[in-house]
Amino acid sequence: MSPGAALARIRLNPHSRAVQRDLRNATDMHRTLMRLVPDQLGSSPRQAAGLLYRLDVTDTFSTLLVQATALDPTRLPDDYGHTDVKDLTPVLNALRKGLAVRYRIVVNPVKTERLPLENKGRRGKRLALTGPDADQWWARRAHQAGLHLTTALPTPVAAAHGSDAGTAAVRHHLVRYDGTATVTDPDALTQAVLAGIGRGKPYGAGLLSLAPATTA
């Protein structure tokens, strides 16, 4: 049996001041969502809780998907939005080699800049990847996560901006991928779903959604 996880689907209330604040600042969004998980989780509470989230935006409304080992939506601001919570365990238990799935993920594709030899020991800047470079990044990460991609449609999404008192503002480049794939390693895929993929997890990246692919 796979480890458990819960997924909350929050249809955001666009008139909520808390929602408006969080949509402007990913640091505030992360702070709000951390209220949903248990307290006193140590020095890396997001990682300990397995908290991941993704913002899905349409022309008519915005939906926030939030995943963690345990979630308490009653701790959200009162007017934040309508929330449904489901157990992801059946989805994870159904993963098997050869299963055809549909997927969606928002990722922060980056690479580390190579520095000259005289700068040995120093780390280069992280550079955002776009176009075919980003597509290749996602294909590699998907393979490592136990997925063989059959289709991958990239959609640019708004960058995540975050700032906090006394700290420098940050900006995370994001790309959404939708498509179909075949499961090659159920165990690796389960771990990828639970832990997320890539960087930028506190800023809305890394949450992998799966559903069985339908055949015509």
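Scroll up to find the structure this text is about.
For the structure given in this document, a descriptive report is provided here. (Residues numbered from 1 in each chain as written. Predicted model: local features only at pLDDT ≥ 70, side-chain atom pairs only at ≥ 80, totals over all residues. Heavy atoms only, no water.)

Details of the sheet that holds strand β1 (residues 6-12)
- Here we have four strands laid out as an open sheet, ordered β2-β3-β1-β4, and antiparallel in their pairing. Strand pairing shows two members of the sheet lacking a second neighbour, β2 (52-57) and β4 (81-87), which therefore form its edges. Between one strand axis and the next, the sheet turns through 15° on average, direction left out of account. (Pairing = 2+ DSSP bridges. Helix = DSSP H or I, 4+ residues; strand = E, 2+ residues; numbered from the N terminus. Axes fitted to C-alpha atoms, helices over the stretch in contact; angles between N-to-C directions.)

Re the environment of Asp84
- Within the secondary structure, Asp84 is located in strand β4.
- Using a relative accessible area of 44% as the deciding quantity, one classes Asp84 as partly exposed.
- With 11 residues separating them in the primary sequence, Asp84 and Pro73 have C-alpha atoms 8.7 Å apart.
- For Asp84, the residues in contact, after removing those within four places along its chain, are Leu7, Ala8 and Arg9. (Buried < 20%, exposed > 50% of the residue type's maximum accessible area, 1.4 Å probe, protein only. Contact = heavy atoms within 4.5 Å.)

Section: helix α6 (residues 186-195)
- Residues of α6 that are buried include every one of Leu189, Thr190, Ala192, Val193 and Leu194, and no others.
- Each element contacted by the buried residues of α6 is listed here: β2, β3 (62-68), α4 (89-93), β8 (147-149), β12 (175-183) and β13 (208-212).

Topic: helix α5 (residues 131-144)
- In this model α5 runs 20 Å from its N-terminal to its C-terminal C-alpha over 14 residues, within 8% of the 20 Å that 1.5 Å per residue would give.
- Residues of α5 that are buried: Ala134, Trp137, Trp138 and Ala142. Along the long axis of α5, the arc covered by the buried residues comes to 130°, so they all point the same way. The exposed set on the far side of α5, more than 90 degrees from its buried face, consists of Pro132, His143 and Gln144.
- On its buried face, α5 is in contact with β5 (100-107), β6 (110-112), β8, β12 and β13. (Expected span 1.5 Å × (residues − 1). Arc of directions from axis to C-beta.)

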